[in-house]
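Understanding the architecture of this molecule
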Number of protein chains: 4
Amino acid sequence: MEENFDYTLRTDLALEAQEMNVKDEPGSSDGDGVEVHENEKNDIKITYVTVDEAGAERIGKKAGHYVTLESLAIRKQDHQLQVNLSKTLSGQLRKLMNECGIKEMDRGLIVGLGNANVTPDALGPLVTEEIYVTTHLFELHPETVSDGYRPVSAFTPGVMGVTGIETSDMVHGIIEQTKPDFVLVIDALASRSINRINATIQLSDTGIHPGSGVGNKRKEISRETYGIPVISIGVPTVVDAVTITSDAIDYVLKHFGREWREKDRPSNALSPAMNPFERKTLTAEDHPNEEQSKAVMGMFGQLEEAEKKQLIKEVLTPLGHNLMVTPKEVDSFIQDMAHVIAKGINGALHPGIEDGEAQSYFK
Amino acid sequence: MEENFDYTLRTDLALEAQEMNVKDEPGSSDGDGVEVHENEKNDIKITYVTVDEAGAERIGKKAGHYVTLESLAIRKQDHQLQVNLSKTLSGQLRKLMNECGIKEMDRGLIVGLGNANVTPDALGPLVTEEIYVTTHLFELHPETVSDGYRPVSAFTPGVMGVTGIETSDMVHGIIEQTKPDFVLVIDALASRSINRINATIQLSDTGIHPGSGVGNKRKEISRETYGIPVISIGVPTVVDAVTITSDAIDYVLKHFGREWREKDRPSNALSPAMNPFERKTLTAEDHPNEEQSKAVMGMFGQLEEAEKKQLIKEVLTPLGHNLMVTPKEVDSFIQDMAHVIAKGINGALHPGIEDGEAQSYFK
Amino acid sequence: MEENFDYTLRTDLALEAQEMNVKDEPGSSDGDGVEVHENEKNDIKITYVTVDEAGAERIGKKAGHYVTLESLAIRKQDHQLQVNLSKTLSGQLRKLMNECGIKEMDRGLIVGLGNANVTPDALGPLVTEEIYVTTHLFELHPETVSDGYRPVSAFTPGVMGVTGIETSDMVHGIIEQTKPDFVLVIDALASRSINRINATIQLSDTGIHPGSGVGNKRKEISRETYGIPVISIGVPTVVDAVTITSDAIDYVLKHFGREWREKDRPSNALSPAMNPFERKTLTAEDHPNEEQSKAVMGMFGQLEEAEKKQLIKEVLTPLGHNLMVTPKEVDSFIQDMAHVIAKGINGALHPGIEDGEAQSYFK
Amino acid sequence: MEENFDYTLRTDLALEAQEMNVKDEPGSSDGDGVEVHENEKNDIKITYVTVDEAGAERIGKKAGHYVTLESLAIRKQDHQLQVNLSKTLSGQLRKLMNECGIKEMDRGLIVGLGNANVTPDALGPLVTEEIYVTTHLFELHPETVSDGYRPVSAFTPGVMGVTGIETSDMVHGIIEQTKPDFVLVIDALASRSINRINATIQLSDTGIHPGSGVGNKRKEISRETYGIPVISIGVPTVVDAVTITSDAIDYVLKHFGREWREKDRPSNALSPAMNPFERKTLTAEDHPNEEQSKAVMGMFGQLEEAEKKQLIKEVLTPLGHNLMVTPKEVDSFIQDMAHVIAKGINGALHPGIEDGEAQSYFK
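As annotated in an unreviewed UniProt entry, chain A is Germination protease from Halobacillus litoralis. Listed in UniProt under the heading Catalytic activity (unreviewed entry), the comment for chain A reads: "Endopeptidase action with P4 Glu or Asp, P1 preferably Glu > Asp, P1' hydrophobic and P2' Ala." UniProt annotates chain A under Subunit (unreviewed entry) with the comment "Homotetramer."

1. Looking at the side chain of B:Thr326
Mapping B:Thr326 onto the fold places it in strand β9 (residues 324-327). A polar contact is formed between the side chain of B:Thr326 and the backbone oxygen of B:Thr237, at a distance of 2.9 Å. Once residues within four sequence positions are removed from consideration, B:Thr326 is found in contact with A:Met324, A:Val325, A:Thr326, A:Pro327, A:Lys328, B:Pro120, B:Thr237 and B:Val238.

2. Focus on the pattern of salt bridges
Counted by the stated rule, this structure contains 24 salt bridges over all chains. Note that B:Arg196 is salt-bridged to B:Glu16, the shortest N-O span being 2.7 Å. Linking B:Arg196 in the loop between β6 (182-191) and β7 (200-204) with B:Glu16 in helix α1 (residues 14-21), this pair joins segments that are 180 residues apart in sequence. Here the salt bridges do not stand alone but share partners, grouping A:Glu16, A:Glu70 and A:Arg196 into one network.

3. Quick look at unusual backbone geometry
Even without glycine at this site, A:Gln77 takes up a positive phi of about 50°. Its place among the elements puts A:Gln77 in the loop between β3 (64-70) and α3 (79-99). Of note in this structure, C:Asn42 is not a glycine but carries a positive phi near 55°. Inspection of the secondary structure assignment puts C:Asn42 in the loop between β1 (34-41) and β2 (44-51). Since its relative accessible area comes to 45%, C:Asn42 is described here as partly exposed.

4. Some words on the environment of A:His65
Residues and elements named next belong to chain A. The residue His65 is located in strand β3 in this model. For the pair His65 and Pro327, spaced 262 residues apart in the sequence, the C-alpha separation amounts to 29 Å. Excluding anything up to four places from it in sequence, His65 contacts Val49, Thr50, Leu96, Leu203, Ser204, Asp205 and Thr206.

5. Quick word on the packing of α3(A) against helix α13 (residues 330-349) of chain A
Each pair of packed helices gets described by two things: the angle between the helix axes and the distance between those axes. Residue and element names in this part refer to chain A. Direction vectors running N to C along α3 and α13 enclose 45°, while the axes themselves pass 8 Å from each other. In terms of their interaxial angle, α3 and α13 are classed as oblique. For the element pair α3 and α13, the recorded crossing hand is right-handed. Between α3 and α13, the contacting residues are Gln82, Leu85, Ser86, Leu89, Ser90, Leu93, Arg94 and Met97 on the first element and Asp336, His339, Val340, Ile341, Lys343, Gly344, Ile345, Gly347, Ala348 and Leu349 on the second. A class-by-class count of the residues in the contact of α3 with α13 yields nine nonpolar, six polar and three charged.

6. A word on the pairing of β6(B)
A regular strand places its side chains on the two faces of the sheet in alternate fashion. Residues and elements named next belong to chain B. Of all ten residues making up β6, ten are buried, and the element is well covered by its neighbours. Residues Phe182, Leu184, Ile186, Ala188 and Ala190 of β6 are buried on one face, and the alternating residues Val183, Val185, Asp187, Leu189 and Ser191, pointing to the opposite face, are buried as well. Both strand β4 (residues 108-112) and β6 contribute to a ladder of five bridges, which runs parallel. When the sheet's bridge partners are listed, Val111 is paired in β6 with Val185. The pairing of β6 with strand β8 (residues 230-240) spans nine bridges and is parallel. Residue Asp187 lies in a different strand from β8, and its bridge partner there is Gly234.

Definitions and cut-offs
- Residues numbered from 1 in each chain as written.
- Chains lettered and ligands numbered in written order.
- Predicted model: local features only at pLDDT ≥ 70, side-chain atom pairs only at ≥ 80, totals over all residues.
- Heavy atoms only, no water.
- UniProt positions renumbered as here; feature names shortened; annotations may be inferred.
- Helix = DSSP H or I, 4+ residues; strand = E, 2+ residues; numbered from the N terminus.
- Polar contact = N/O pair within 3.5 Å; in protein donor to acceptor, adjacent residues only side chain to side chain.
- Contact = heavy atoms within 4.5 Å.
- Salt bridge = Lys/Arg side-chain N within 4 Å of Asp/Glu carboxyl O.
- Buried < 20%, exposed > 50% of the residue type's maximum accessible area, 1.4 Å probe, protein only.
- Axes fitted to C-alpha atoms, helices over the stretch in contact; angles between N-to-C directions.
- Parallel < 35°, antiparallel > 145°, perpendicular 65-115°, else oblique.
- Left-handed = near helix turned anticlockwise from the far one by under 90°.
- Nonpolar A, V, L, I, M, F, W, Y, C, P; charged D, E, K, R; others polar.
- Pairing = 2+ DSSP bridges.

Structural data, given as C-alpha cells:
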C-alpha cells in the first residue's frame, strides 16, 4: 500500500477509475481507449479492462490489461467459495502469464509489498509466507524437485518507514542479483468503495510504482524498466472515510431523485445498494443531475464535486491526517485473503501442484 | 466489546449519551439527573459525569460516576504525552477506587474482556498481559513481596464466539472461586464519533453487562450483584460507518446553516471540526433547526433523524452486517493504548511501584 | 505443563514410568498391577497401559487407562502421516470416551492448559483455538446446529505466574458455572527421553493436578472430585538436560557392555538407538549390571543412580534452575501438533464433522 | 544462524574456539597468533581476543578482533543488569566502530539475519525492528533530523529455505543498491556450552559468511569483498545436544580425577561448575589425562575424543538430524536479548539518542 498518498483523488483499481470517468458499457469498445468485458461464474464476477494509451490518459491508469475478480468469499467466510476463488485466480493468473509470454520453466520472483506489522497492509508479506519456494532446490538439490514445479523465489522488502530504504531500490537490488525471468508483486490497495474491501482481487501486467516513487520513472518496476514481465496482484483493504461519506451523500441524492421520478414503481424493488455487484461505486450516470439536486438537497446539492469533498473532508479530518479505515474484522479477512491468493499463485506457478493437493489442503 | 449489538442506536460512552440527549453545560446541575464537570491539564481533558436515577432513565446510562480522559497521546504517537496520560489515569483511578471504598490491601481481580485475535477488540487481553500480578506470591511466598504492593490477579475470559461460554458466566465462576474484594474490567468500546477512537478513556463504577447478557440482570457484573465494587475502564476502538456518515451529513447541514446566518464572521475562524475537544460528537444544539434544513438541504433536511439513519444505513450495509470500522493503524494504536492503561492501572493498584519505576520503564 | 516441578525424579508419561520400573512384557499381565498391550498401524504405534491400585503405587502413576500414540509425523513434517495421526487420535479418543460412559450429546468442556506466550508450553491454548465450539449455538440458536454436533465449550485458564490464580481454581470456577457432562484437558508434558518430544500423544482417564496443586487432593480435576469423566491429552514438548545426559551415559555403559559380550555379532546390526520405537527410554533391563560397569566405566560406573544424577546435575545447572530444553524447531512442531490434536478432538466430539471435512481441510 | 551446519565440529564463538585449542592465559600473547585480554565491571565480563593469520589457522577463526560480553542479565531477568548490558554494548560497539575507521556521519546498513518464524533464530529480525531508522528522513526530509543522528537503514533478508535466495545474494543486492559506508550484521549463533546460551554477546570485525556460502569466498560479506567495514554482533541461542552430553562426560571424568588427587581439599570448595564465568566450556587443561581416565572411567575414558563424540551422537540422534536444543524459556530470552542489543546499537549509532532517552525508555 502506498504511503502518504492522496487517496481522495484516485483509486488503485482500474475498474473504479473507469467507472468514475467513462460511460463504457460492458462489452463495448467505443474507440476512446478503454475496453471492458465481463462474465460471472460460481458467484465470482470477472471483469477484463484493457486500456490503451488514449484511455490511459483519460482515466489515469497505465495502459495494459486489468483483470478484476469480485467475490464475497472472504467476507461471508464461506470456505467453499474461497476454494473456488483460489482456483479461478489460478486460472486467470495462468492466462495472464501466457499473454505476457512467460514460459513453463521461467524463473519467478514473488515480491510481497507492505508492512507485516500493520494488519491491513500485511497482505503481501502474508502471501509470501505461503508461496512454494523452490529456486534454492533447483540450484542445490535439483534431483529432489518433482516435475511440474518451476524455480520460484519470494521476498518481502518491507516499507520505507521501517527499513529507511526505498522499496523500489530493494526490489531493484534483488532483481539484479537474482535475474528472474518475471516478477509477481502482491500488495494491499485503497479503494473508493467500502463494498470492495476484501471482496476484489485485481491482476494487471502494467507494473508497479512502489512507495514514494510514484511519478518517478526511475523507480518503476515494469517491463519497460527491466525487459521482463511484471504482474501485480492487488486487493483493496482500506477505504478513505471521506470517500465513504461522499459516496453516501451522492447516493442519497440519487436515491431521492429516483424516488421522485419513479413513484409508481413497486416500493419493494431491490435497491441497487443491496447488490454490491450491481452497484459498486457510483458511476457518472449515477450522479444526480442539476434539477434533481436542487429539488432534493437545496444548496448542498448544487455544490461542485470538489467543494463537497472538501467540506466533508473538513468534517472528518480534524486531526489532520488521512483517515483510512478498515473493517473491524481485518485480522481474519486478511489471513483468509492471503491464504486464497497464495493457493491461487501456487497453483498457477506450479502445474504439478494438483498432485500435491491433498497435502496442501492439510494445512 | 459487546457482540451482536445495535451500535447505531447507542454509544458505550456516557459522555456521548449525555451530549446527544441533554443541554447540560459543563459545571451545571440542572436538576435533571446528570451533573457534568470538566478540567484540562497537560493536554488531557477530564470530564466527570455523575448520573442519578432520573438521569439514568433519560440518557440511557446506568446511574453512577463516569470519568472521561481525552488525549491525542496515542494518535499523535507522542511518547511524553503517553507517559502523562498513564499518570493521569493512575491518579483518577486511585480517586475512584477511594470513592468506592476500596482499601490499600484489598484484593483486586483484573478482567480483560475482548477477543485477543481481533485487533480492535484485543485491548482487554493486551492490558491484562502487562498487569503486575501478585496474588500467588502473597499466598505462596508472602516473604518475597515488597511493601506497597497489594494482591492482584488477572484473567481474560475470551469471547462467547470462541469459548461457547457466556462471558459473564466465566467472570462469575472466577469471582466465586477467588473471592476478590473488588473487580476492575477493561474493554474496547464502540463510539459514535471517529474523533474519539483511541483518544478517550472512560472510567466508571457502574459495573458491566458483558456479551449478550445486556438487559439480563442476572448476567450483570456490578456492586448490586456481588456486593463488591466493580470499576470499568473502556476505550472506544471502533465506530459504525453509518454513524460517521450520519454525523457528517448533520454537520454539513449545520455548517451551511451557520454560514448562512453568520456571513459577516471572519471566514478563517476555526471551524469546530478542527478542534476535537470542542466538537466531539454533535450535540442536540448542533442539529439544524427546521428552517435551516429546508433552505439548505431540501427534502433530505426535513427527514426525521431515524429516517435519515435508515437511508444511510441502506447505502452502507449492502452486505447486511453492521459495518464497524477502525483506523488502518489499529495495531500500533491498540498496543500503545494497552501499554498506557496497564501502566496506569499498575500505578494505581501498587503505590510501591514508583520505587520500581526505572525497572518498569526499561521494558 | 506443571511449573516448578522436580522433573528429574519423574516423567509425565505412564509409558516411561512403566518402562523405568517394571519388566512387564507387552501383552503380559503378571499380576503386579500394570497391564500393557501394543499394536502398530500406519506407522503409528499404540500402547495401552492399564494401571490398578497396586500398579499405581509401584510406578507412581494414578490408576486408570493410558493410551499412547507414537509417530514421527510431526518431526518428519510428513503431512500425510499427520492426517493419519489425527484420524487415529479421533478413533482412540472416541473409544476412551465410550469406556468412560460419555454419551453422544453429552456436553463437553475443553480446557487448554499452559502458557500461550511460552512456545513449548502453548500446546493447550493453540489446540483450544481450533476446537469447534458450539455450546452457545445450542443455547442461543439451536435451529442453526446440524445433526452430528454436540455442545462443546473451550477455554484457556492461563498459568498461575501470569494470572495470580491457581489453575485448578480457574477450572473449578468454570466447571461449577457451566456444569459440563465431561471435561477434556490438553497439556504439554515433560518427558525423560528426547526421542519422545513432539513424537508422542498420551490419552488418559485419570484426571489432572494442574499447576502447583500436585499432591493436594482438593486441587485435583478428576472423576473423583466432580463425578464426571475427565480425559486428558498430553504431549511431551520439553526434556530435562540432566536426563538427556544421564540416559546417554547409561546408554554408553550399556553399549560397551554389549560390545564386550557380543564381539562376534555383526558390527553393523542396527543399534537400538537407531529405532526410536524399539528403544524409547532406557528400561530396567538396559541398565548395565555391576560387572559391566566396573569393567567399562571404572569408578563412575559403580555410582548409585542418584549419585550419578546429582553429579550430572551439578555439571549442567550452574545457574541453579531446572534446565528444560526443547528442539530449535519448537515453533513449527507445536503448531503442527496443535493442528493434529485439534482435528483429532473435533472428529471425536462431532461425528457429523466428516460431512464438513472438505471445509475443515480448507484452512 | 547457519543452516545445515556441522555444529559438532566447531563453535561460532572465537572465545570457545580459543579455549578449545590453546593454553593462552588471559593477558598473554605467546606469539602463536591469539591475544587475549579480560576485564569485568558491573557483573559484565569483557574478553578481547585478537587473532592474526597464524592464530586464524590454528583455531579456525578468521583473523581480526573479537569482543565478548558475558552477563546473566537475560537469564536472571534482571532489568537493571539489562540496562547496564545495553550501555556496555553501546560503548564497546562504538569503540570497535572507531577502530574500523567509521566516522560520525557515515551511513550504516543494519542486517538482521535469521528466520523470524523460528524463535531461537529470530534475534536478527527482532533487533532490526527496534533500530532507529533514519536514511529516508535524511533523503526526503533532512530538515526534520536532529543533530546526533546518522543515516541508518535496516533490513531482514530472511533465510534461503523461505526465500529461495541465498542470503548473501540478498545482502549483496541491497549493498550495491544503497551503497552504505559500513554494515552491521546481527545473527543468532550456536555455542558449544549451554552456559553461554543467551548469556554471551560477541562483536567482531571479521565479516560474515551467511547461509550455505561458508567456505565460498564470493559469498562472504566482509571488508575484503566490499571495501567497507563489516561488523557482526552474534548471540548463541542454541546448543547441540551432543555437545551438552559430551562436555558433561568430560566434566565428570575431570571431576573424579580432581577428587582423586585432591582428597584433602575442603569438600565444600566451590565447584567450577557453579561459576559459569570461571568454567565456561572445558578447556584443553580440563580434559582428563590418560592416567585419570583409566582409573576413573575404564575403557570409555580411554577413547579418543572423536570416538566419544561419535558414540554419544549415535545415542542422541536416532532421528538422523542435528539435535539443536534451546531453553524452554526461549521466547522471553530472545525478546529481552533483542531489546538489549537494539538499545545498544541505537546508542552506538546515534550519539544524540541520550537526549531522547526518556522517550526511548517509555516503550
